[in-house]
Amino acid sequence: MRFERQVLFGLIAGLALSAGAAVPIGENVLINGALEADQVDFPQGWTFFPTSMIRPDYHPSGGPSGMPCITFAHTGETPSGERTMRQYGFALASGGTYRISAWVRPSAGFKAKSFGLLVINKGWKASWGIRQAPAAGKWMKVSETIKGLSSEGTYFFAILLHGFSGSLDIADLRLEPVDEIGAAGAERPELSKYQSAPRIVPWSPLLGEIPRATREVTFRFFGKLPEGASLPDYRLALAVGTAKV
């Protein structure tokens, strides 16, 4: 499946024009806050730190309404050390107002000395955000409005867990401008061409397991469309070929 060529060229041009632009009120400053993995084994745009730690588990459809989610888990007899998952390199306005939100589900018996969904400035001199996990058992949407950022410049976002036991699921991470000052001064992290390019990829089932009787395959869209556009605005063409075995 592919975009018609004239449409694809238009999309790439639109992406080039929008690079470095402000982030509108209500849109996500974070890249891939939905935690899509696009056929790799961990969400693109995110890194876990330190890299020697136990990596969070990734579930492509384990969150609310089938959204992707990640799980931090520790089953040792003593509480864990520090674990974080981070995204670097976005800009925020010092006078702006922003909202952090996410879906969170602690397991029964989850405990943590420190928990945070945090915006952190350069050098970790200050941080703002959500510092308390919800009650265990159900998916809950948590949110916090933040203001009073101490400086212009580069920030990073971190999921922080320290001294915890049990497990914690997290989905749909968002950092949104709430006012015009925040929107005008926000800038998303730099994207690679691969991450931002609009594309449709086969999603389910695995290509080697396509049913011979129906030959049905589900596709998903990844990438970024120009502001104000949606996928139904574009015509798609399916190119069917055959392979010799």
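Nothing here was measured: the structure is a model prediction, and the numbers come from that model.

(A) Structural detail: the overall build of the chain. If you tally the helices and strands in the chain, you get three helices and 13 strands. The 245 residues of the chain split such that 40% are buried. Of the contacts formed within the chain by residues at least 6 apart in sequence, a portion of 75% connects residues at least 24 apart. Carbon and sulfur atoms provide 54% of the accessible area of the chain, an area that totals close to 13,500 Å².

(B) Here's a closer look at the nonpolar core. Leu-92, Leu-117, Phe-157 and Leu-173 are the most contacted members of the largest nonpolar core, which totals 38 residues. Mapped by element, the contributors of at least two residues to this core are strand S4 (69-74), strand S5 (83-92), strand S6 (98-106), strand S7 (111-121), strand S8 (127-130), strand S9 (140-146) and strand S10 (153-177). Counting residues in each nonpolar core, the second largest holds five residues, with Leu-118, Ile-120, Ala-158 and Leu-160 among its members.

(C) A look at the pairing of S6. The sheet contact formed by S6 and S9 spans seven bridges and is antiparallel. Considered in S9, the bridge of Ala-102 is made with Val-142. Note that S6 and S10 share eight bridges and pair antiparallel. The residue bridging Ile-100 from the neighbouring strand is Leu-175, located in S10.

(D) A look at the pattern of salt bridges. In this structure the tally under the stated criterion is five salt bridges. The partner of Arg-55 in a salt bridge is Asp-41, and the shortest N-O contact between them spans 3.6 Å. Of this pair, Arg-55 sits in the loop between strand S2 (47-49) and strand S3 (57-59) while Asp-41 is found in the loop between helix H1 (5-18) and S2, placing the two residues 14 residues apart along the sequence. Classification of Asp-41 by relative accessible area gives exposed; the value is 54%. Ionic pairing is found between Asp-169 and Arg-105, a salt bridge with its closest N-O pair at 2.9 Å. With Asp-169 in strand S10 and Arg-105 in strand S6, the pair connects residues that are 64 residues apart, well separated along the chain. Assessed through its relative accessible area of 28%, Arg-105 is described here as partly exposed. One network of salt bridges, with partners in common, ties together Arg-99, Arg-174 and Glu-176.

How each quantity is defined
Residues numbered from 1 in each chain as written. Predicted model: local features only at pLDDT ≥ 70, side-chain atom pairs only at ≥ 80, totals over all residues. Heavy atoms only, no water. Helix = DSSP H or I, 4+ residues; strand = E, 2+ residues; numbered from the N terminus. Buried < 20%, exposed > 50% of the residue type's maximum accessible area, 1.4 Å probe, protein only. Contact = heavy atoms within 4.5 Å. Areas by Shrake-Rupley, 256 points an atom, 1.4 Å probe, with all protein chains shown as cover. Core = buried A, V, L, I, M, F, W, Y, C linked by side-chain atoms within 4.5 Å. Pairing = 2+ DSSP bridges. Salt bridge = Lys/Arg side-chain N within 4 Å of Asp/Glu carboxyl O.

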